[in-house]
Amino acid sequence: MPKQIGEALISARGVDKFFGDFQALKNIDLDIHRGEVVALIGASGSGKSTLCRCLNRLETISAGEITIDGEKLPEEGKDLTRLRADVGMVFQSFNLFPHLKAIDNVTLGPRRVRGTAKAEADEQAMELLRRVGLEDKANSLPTALSGGQQQRVAIARALAMKPKALLFDEPTSALDPEVINEVLDVMTELAEQGMTMLVVTHEMGFARHVCDRVVYMDQGEIVEQGDPEAFFTAPESDRAKAFLSKILAH
């Protein structure tokens, strides 16, 4: 079955981001389509994580416009909370609440933001923990879990909000090598099930074989984007060629 990719779900137009005098993002135009999995790659400091964080207003933009499902992303208030709930975020450092059990980390958002009843939220959380292979860890605190397990709980937590899309900000970069695949396997399954995803990643195998499109950034700009196989075998820009020669040589 060919994959069904729909209209643009998240759009950025003319997005700039300054930190003081430093311009971290330069005139970014990007669409992420419904059902599409996009890998955002580039060297450290190229603006990938900043762009990811701007897409659900964890960072405010300096210029331009971001829309989610056709609706402009507001700067603050209840409308921002509502739209942000539609775009889940999975962080590099898990960001679980250390004093809450795994199941309570997963149910917190639905109960607080969506108003879901506790029994329903618990039932949904158990199903999501089962989905990420952690049903038996529901009552464990984060400190009792490995990094890979914590990240899988974080994915379950993001899914609990029933988002239209998920943003992953280097979800495996804080993990030990032996547990990276357990997180990538969950992400691959989500991709196969049609979840719209933007993944900031250094995992080139995942970008090449799981993603529908690769977006390469350098110095705050989108330099090149396209089909993963074409990008990895025959990049068009000199900057992409130089980047790939460094990371694929090992």
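Our subject is the structure listed above.
Here the structure is a predicted model, which is why all the values come from computation and not from measurement.

(A) Fine view of the overall build of the chain. Looking only at helices and strands, one finds 9 helices and 10 strands in the chain. Against the compact-globule benchmark of 18 Å for 250 residues, the chain has a radius of gyration of 18 Å, which places it among compact chains. On the chain, roughly 11800 Å² of surface is accessible, and the fraction owed to carbon and sulfur atoms is 47%. Averaging the coordinates of the 29 positive side-chain charges in the chain and doing the same for the 38 negative ones gives two points 5 Å apart.

(B) Expanded view of the pairing of strand S1 (residues 8-19). By the bridge criterion, 8 bridges tie S1 to strand S2 (residues 22-33) in an arrangement that is antiparallel. Bridging from a neighbouring strand, Lys17 pairs with Leu25 of S2. Between S1 and S2, which pair antiparallel one after the other, the connecting turn spans 2 residues, and Gly20 there sits at a positive phi close to 65 degrees.

(C) Quick peek at the sheet that holds strand S3 (residues 37-41). Strand order across the open sheet formed by 6 strands is S6-S7-S8-S3-S9-S10, with mixed pairing between neighbours. Each edge of the open sheet carries a strand with a single partner, namely strand S6 (87-90) and strand S10 (221-226). Sheet twist, expressed as the mean angle between neighbouring strand axes with direction ignored, is 20 degrees. Relative to strand S8 (residues 196-200), strand S7 (residues 165-169) is paired through 5 bridges, and the arrangement is parallel.

(D) Representation of helix H2 (residues 78-85). The set of residues buried in H2 consists of Leu80, Leu83 and Ala85. Looking at the packing, one finds that the buried side of H2 touches strand S4 (63-68), strand S5 (71-72), S6 and helix H3 (102-114).

(E) Looking closely at the packing of aromatic side chains. One pass over the structure, following the stated rule, counts 3 aromatic pairs. Ring centres of Phe231 and Phe232 lie 5.4 Å apart, and the angle between their planes is 85 degrees; on these two criteria the pair is classed as edge-to-face. Side by side, Phe231 and Phe232 carry an identical accessibility label, which is buried. Linked through ring pairs, Tyr216, Phe231, Phe232 and Phe243 together constitute an aromatic cluster. Seen from the ring of Phe19, Lys17 lies directly overhead, with NZ or CZ sitting 4.7 Å from the centre.

(F) How the structure looks around the sheet that holds S4. Pairing is antiparallel in the open sheet, where 4 strands are placed in the order S2-S1-S4-S5. Every interior strand has two partners, whereas the edge strands, S2 and S5, have only one. Relative to S4, S1 runs antiparallel, the two being bridged by 5 bridges. Pairing of Ile10 across the sheet is with Ile68, part of S4.

(G) Region of interest: unusual backbone geometry. At Asn27, a residue that is not glycine, the phi angle is positive and equals roughly 50 degrees. Relative to the helices and strands, Asn27 resides in strand S2. Positive phi outside glycine occurs at Lys162, with the angle close to 50 degrees. Turning to its location among the elements, Lys162 is positioned in the loop between helix H5 (147-160) and S7.

Reading guide: rules and limits
Chains are numbered independently. Their residues run from 1 in the order of the written sequence. Whole-chain, interface and lining totals are the exception, using all residues; otherwise, since this is a predicted model, local features are given only for residues with pLDDT of at least 70 and side-chain atom pairs are given and counted only at 80 or more. Each side-chain value is derived from all of the structure's non-hydrogen atoms; neither hydrogens nor water enter the calculation. By definition, any uninterrupted DSSP run of H or I lasting at least four residues is a helix, any uninterrupted run of E lasting at least two residues is a strand, and each is numbered from the N terminus. The globule rule used here is 2.2 Å times the number of residues to the 0.38 power, and the radius of gyration it is set against is calculated over C-alpha atoms. We get accessible surface area from the Shrake-Rupley algorithm with a probe of 1.4 Å; when it comes to residues, only the shown protein chains can shield them. The sign given to each residue is positive for Lys and Arg and negative for Asp and Glu; His and the chain ends receive no count. By convention, charge coordinates are those of NZ in Lys, CZ in Arg, CG in Asp, or CD in Glu. Between any two strands, pairing holds if DSSP finds at least two bridges. Lines fitted to C-alpha atoms define the axes, with helix axes restricted to the stretch in contact, and inter-axis angles between N-to-C directions lie between 0 and 180 degrees. Remark: exposure states derive from per-residue accessible area (1.4 Å probe, protein chains only) relative to the maximum for the residue type, with buried under 20%, exposed over 50%, and partly exposed in between. Every residue pair with non-hydrogen atoms within 4.5 Å of one another is taken to be in contact. Each pair of aromatic rings taken from Phe, Tyr and Trp, with Trp reduced to its six-membered ring, is defined by centres within 6.5 Å and is described as stacked if the planes are under 30 degrees apart, edge-to-face if over 60, and tilted in the remaining cases. Criterion for a charge above a ring: Lys NZ or Arg CZ within 6 Å of the ring centre, and within 35 degrees of the ring normal.

All quantities given are derived from atomic positions and should not be read as evidence of function.
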